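Residue-level listing of the chains:
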Amino acid sequence: MELKGWKYEGRKISDKLHEQILTIVEIINDPVQVGEMNWPELQSYISLKLGVATGQVRTIKRMMEEFGIIEKGSLNAKDVPNSSILTENGNFLIDLIQTEKLMEKTKHSDFKSIDEIKEVYKLYYQKILNEYEYSNGIKILHPLRATLKALDKYEYLEYFEWYLLNTLITTDDNINEENELDYYINKYRSGNLDFTEEDIVENKLSHSYVLGNFVYCGLINVSGKKTKILITLNKKYYDTIQEILKL
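All values derive from a computational prediction rather than experimental measurement.

Trainee: Give a detailed account of the overall build of the protein, specifying residues and quantitative values.
Mentor: Counting its secondary structure elements, the protein contains eleven helices and seven strands. For 247 residues, the compact-globule estimate of 2.2 N^0.38 gives 18 Å, and the protein sits close to it at 20 Å. Principal-axis analysis of the C-alpha atoms gives the protein an extent of 65 × 45 × 30 Å. Burial status across the protein gives 45% buried among its 247 residues. Here the contacts in the protein between residues at least 6 apart in sequence split such that 66% fall between residues at least 24 apart. With an accessible surface of roughly 13300 Å², the protein has 50% of that area assigned to carbon and sulfur atoms. With 31 positive and 39 negative side-chain charges, the protein shows a spacing of 3 Å between the two charge centroids.

Structure follows, in structure tokens:
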């Protein structure tokens, strides 16, 4: 049986990503730096500033679009970028990143204040990831909700069970897909089904990128490494998880 991971952009939410997003936005907001450059031209300039390949800049830009930080299509070959590309969510995130950086530089800031900022990040991304969806024009899947739903039912997921979830669940609340997942989860747990890493043929790092984002927002815990990971719900956010599952 072939396994396929959910798609990802090749970056996951992290402090480093926040720093890079902030730098990109600061450059775009600076008319002196932007000049008359359109997005393809600006990519090369930003890649030099960040010290990364232009491909990484494109990846960060796609992630900013997918997570609703900037308006889709606002960075293009036709227009000179400006601050209007940021969405309401994007402005909030930039303000949050700037506040965190300021607090880290201020001698009077304490660990409690930094922890409070980290908690706001979690709440922010809980909202963003709850709304995030895969869509092909026919099928729609909210991967965070699908993951929470599976964990609520099975209590935990192992590495290959995560990829079973990714492979079989392609649509929200599809009873046939959920029954098929149930069949294979039970077969795997009873020892009548086994997998190797070679069975994962597509998006082989979804356990790192997709799942990593779910961990960042605090709703999910992951222990162990590589194929020995164990995925569980973070009961600290039990009420939030139940609200998502009701949708």
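Trainee: With reference to specific residues and values, describe the packing of aromatic side chains.
Mentor: According to the stated counting rule, one finds 14 aromatic pairs in the structure shown. Aromatic pair Phe-67 and Tyr-125: ring centres 6.5 Å apart, planes at 65 degrees, arrangement edge-to-face. Highlighted residues: Phe-67 in the loop between α4 (54–66) and α5 (88–105) and Tyr-125 in helix α6 (residues 111–131), separated in sequence by 58 residues. Assigned by exposure class, Phe-67 and Tyr-125 land together as buried. Here the aromatic cluster, defined as three or more aromatic residues joined through ring pairs, consists of Trp-6, Phe-67, Phe-92, Tyr-124, Tyr-125, Tyr-132, Tyr-134, Trp-162 and Tyr-216. Above the plane of the ring of Tyr-156 lies Arg-189, whose end atom (NZ or CZ) is 3.9 Å from the centre.

Trainee: Describe the pairing of strand β6 (residues 220–223), and please don't skip the residues or the numbers.
Mentor: Successive residues of a regular strand alternate their side chains across the two faces of the sheet. Strand direction decides the pairing type here: β6 and strand β7 (residues 230–233), joined by four bridges, are antiparallel. Residue Asn-221 lies in a different strand from β7, and its bridge partner there is Thr-232.

Trainee: An account of the sheet that holds strand β4 (residues 157–158) is requested, with residue identities and associated values reported.
Mentor: Across the sheet, three strands lie side by side as β4-β7-β6; this open sheet has antiparallel pairing. Pairing within the sheet leaves two strands with one partner each, and these edge strands are β4 and β6. The sheet contact formed by β4 and β7 spans two bridges and is antiparallel. The residue of β7 that forms the bridge with Leu-157 is Ile-231. Against the sheet, helix α10 (residues 206–216) touches β6 and β7, its axis set at about 120 degrees to β6.

Trainee: Before we move on, can you summarise the environment of Leu-42 with the specific residues and values?
Mentor: Along the chain, Leu-42 turns up in helix α3 (residues 39–50). A relative accessible area of 0% means that Leu-42 is categorised as buried. Separated by 33 residues in sequence, Leu-42 and Leu-75 place their C-alpha atoms 9.6 Å apart. The contact partners of Leu-42, leaving out residues within four places of it in the chain, are Ile-27, Ile-28, Val-34, Met-37 and Pro-81.

Trainee: Requested: an account of helix α7 (residues 143–154), with residues and values cited.
Mentor: With twelve residues, α7 extends 16 Å from end C-alpha to end C-alpha; this agrees with the ideal 16 Å at 1.5 Å per step. A large share of α7 lies buried, amounting to nine of its twelve residues. Of all the positions in α7, only Pro-143, Leu-144, Arg-145, Ala-146, Thr-147, Leu-148, Ala-150, Leu-151 and Tyr-154 are classed as buried. Looking one or two residues beyond α7, the residue adopting positive phi is Glu-155, at roughly 75 degrees.

What counts, and at which threshold
- Residues numbered from 1 in each chain as written.
- Predicted model: local features only at pLDDT ≥ 70, side-chain atom pairs only at ≥ 80, totals over all residues.
- Heavy atoms only, no water.
- Helix = DSSP H or I, 4+ residues; strand = E, 2+ residues; numbered from the N terminus.
- Rg over C-alpha atoms; globule rule 2.2 N^0.38 Å.
- Buried < 20%, exposed > 50% of the residue type's maximum accessible area, 1.4 Å probe, protein only.
- Contact = heavy atoms within 4.5 Å.
- Areas by Shrake-Rupley, 256 points an atom, 1.4 Å probe, with all protein chains shown as cover.
- Lys, Arg positive; Asp, Glu negative; His and termini not counted.
- Charge placed at Lys NZ, Arg CZ, Asp CG, Glu CD.
- Phe/Tyr/Trp six-rings, centres within 6.5 Å; stacked < 30°, edge-to-face > 60°.
- Lys NZ or Arg CZ within 6 Å of the ring centre and 35° of its normal.
- Pairing = 2+ DSSP bridges.
- Axes fitted to C-alpha atoms, helices over the stretch in contact; angles between N-to-C directions.
- Expected span 1.5 Å × (residues − 1).

Everything listed here is a matter of geometry and, on its own, says nothing about what the molecule does.
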